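Architecture and fold: a report
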Amino acid sequence: MIEVKNLVKKYGNHVAIDHLNFTIEKGRIYGFLGPNGAGKSTTMNIMTGYLGATEGEVLIDGHDILKEPEEAKKHIGYLPELPPLYMDMKVWEYLEFAAELKRIPKADRESAVEDAVRMAKLQDVEERLIKNLSKGYRQRVGLAQAVLGFPEIIILDEPTVGLDPKQIIEIRELIRKLAKNHTVILSSHILAEVREVCDYIMIISKGKLVASDTPENLENQMNGDETIEILAKAEPEEMRSILLNMPHIKDFKIEEKPDGTTYSRIESEDGIDIREQIFWTFAEEKCPLLMLQTSKVSLEDIFLELTQKDTVSMVFNQSGEEEKTNAGDL
Ligand code: ADP
Ligand code: MG
């Protein structure tokens, strides 16, 4: 349905998108996941025909978005990161105007606006000026604009940024409802959000696609690397020297606990179960093990491994506190 081939976008010397390749199939919810600056918005702007690419192509149902933007745009509804809302318009006025821009035939415009209003639950504020709406409602107006005429593909760039938890839940519900009849692509820098809403995750880091699969498969792929957690009555230095001398260990981290015990998270070589070996070695060293367990690699671990460490705290910040200015406020 959408094919992205060898997409490159450079801003001057800066490579924002670095040879992206992926395919979007009908009827799924896709999540572009990546820290800020990864290239999500740039990709979406190119896929929707709002920005030219430096190299590569985007085909929407076989139409090249760069060569035939009008034809390709008919298939897509887009909520950009900064939705272009007109503050001095009433909600319905704005949506009617947007319907006109989308070339929805005049005779169908009213019903198209009504359907979008109903979908985004805007009935109560239809007559209000956009400037008098809360951020949550404005986001819904942006969403209504994106779904006008119900195009097959709906692309939403960080649809929940800046919303409060209740509004986030509402927007997620709307997205799930949309996904019943549409292909939805959304972006987010929050892992929990993408995992909750999407059935296919594409992790983008520094303009590259570093992983793409269902959340379950992503987790399974990484399970070759077994992680073992232990807690022992030992000094950190003692534990370190025991682990350093043990075979089949790829990596480990040590953490001193306030009660005089030491915790370690150990990565073993692929496919090797080292639990017994750990048990006997610690016994021989007279360091009682208080806990020994394997732990499944989580999506968080994968994400951490695939993207830069310094941006990670942001990814786990679910509160959406980061301030983003809204171009519509101009
Ligand atoms: P994301 O949406 O994942 O946060 P963006 O697509 O907005 O990432 O940005 C990707 C990279 O491209 C960033 O390094 C950003 O600074 C850069 N960038 C984005 N837009 C522009 C622009 N108009 N001019 C120069 N650099 C830009
Ligand atoms: Mg962005």
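Coordinates for the structure precede this section.
Here is a short report on the structure shown in this document. The structure displayed is predicted, hence computed values, not measured ones.

**Here we look at the coordination of the magnesium ion (ligand 2)**
Donor atoms from the polypeptide that coordinate the magnesium ion (ligand 2) comprise S41 (OG) and E81 (OE), at 2.0 to 2.7 Å from the metal. Within this pair, whereas S41 is found in helix 1 (residues 40-47), its partner E81 is found in the loop between strand 6 (76-79) and helix 3 (91-101), the two being separated by 40 residues in sequence. For S41, a relative accessible area of 19% translates into the label buried.

**Description of helix 4 (residues 106-119)**
Taking 1.5 Å of rise per residue, 14 residues should cover 20 Å, and helix 4 covers 20 Å from first to last C-alpha, within 8% of that figure. All of the buried residues along helix 4 are R109, A112, V113, A116, V117 and M119. One face of helix 4 carries all of its buried residues, which in axial projection span an arc of 155°. Residues of helix 4 that are exposed and angled more than 90 degrees away from the buried face: A107 and E110. On its buried side, helix 4 packs onto helix 3, helix 5 (135-147) and helix 6 (165-179). Of the residues flanking the end of helix 4, it is K121, one or two places downstream, whose phi is positive at about 50°.

**Observations regarding a nonpolar patch on the surface**
A cluster of nonpolar side chains, F279, W280 and L292, forms an exposed patch at the surface whose accessible area comes to about 310 Å². Following the sequence through the fold, W280 ends up in helix 10 (residues 275-284).

**Looking at the sheet that holds strand 9 (residues 200-205)**
The mixed open sheet is built from six strands, whose spatial order is 6-7-8-3-9-10. Whereas interior strands pair on both sides, the edge strands pair on one side only; in this sheet they are strand 6 and strand 10 (208-213). With strand direction ignored, the average angle separating the axes of adjacent strands in the sheet is 15°. Across the sheet, helix 1 lies against strand 3 (29-33), strand 6, strand 7 (153-157) and strand 8 (183-188), angled at about 150° from strand 8, the strand it touches most. Here helix 11 (residues 299-306) sits on the sheet in contact with strand 3, strand 9 and strand 10, set at roughly 30° to strand 9.

Thresholds applied
- Residues numbered from 1 in each chain as written.
- Chains lettered and ligands numbered in written order.
- Predicted model: local features only at pLDDT ≥ 70, side-chain atom pairs only at ≥ 80, totals over all residues.
- Heavy atoms only, no water.
- Donors = N, O, S within 2.8 Å, 3.2 Å for Na, K, Ca; no water.
- Helix = DSSP H or I, 4+ residues; strand = E, 2+ residues; numbered from the N terminus.
- Buried < 20%, exposed > 50% of the residue type's maximum accessible area, 1.4 Å probe, protein only.
- Expected span 1.5 Å × (residues − 1).
- Arc of directions from axis to C-beta.
- Contact = heavy atoms within 4.5 Å.
- Patch = residues over 30% accessible without salt bridge, like charges linked within 9 Å, V, L, I, M, F, W, Y side chains within 5 Å.
- Areas by Shrake-Rupley, 256 points an atom, 1.4 Å probe, with all protein chains shown as cover.
- Salt bridge = Lys/Arg side-chain N within 4 Å of Asp/Glu carboxyl O.
- Pairing = 2+ DSSP bridges.
- Axes fitted to C-alpha atoms, helices over the stretch in contact; angles between N-to-C directions.

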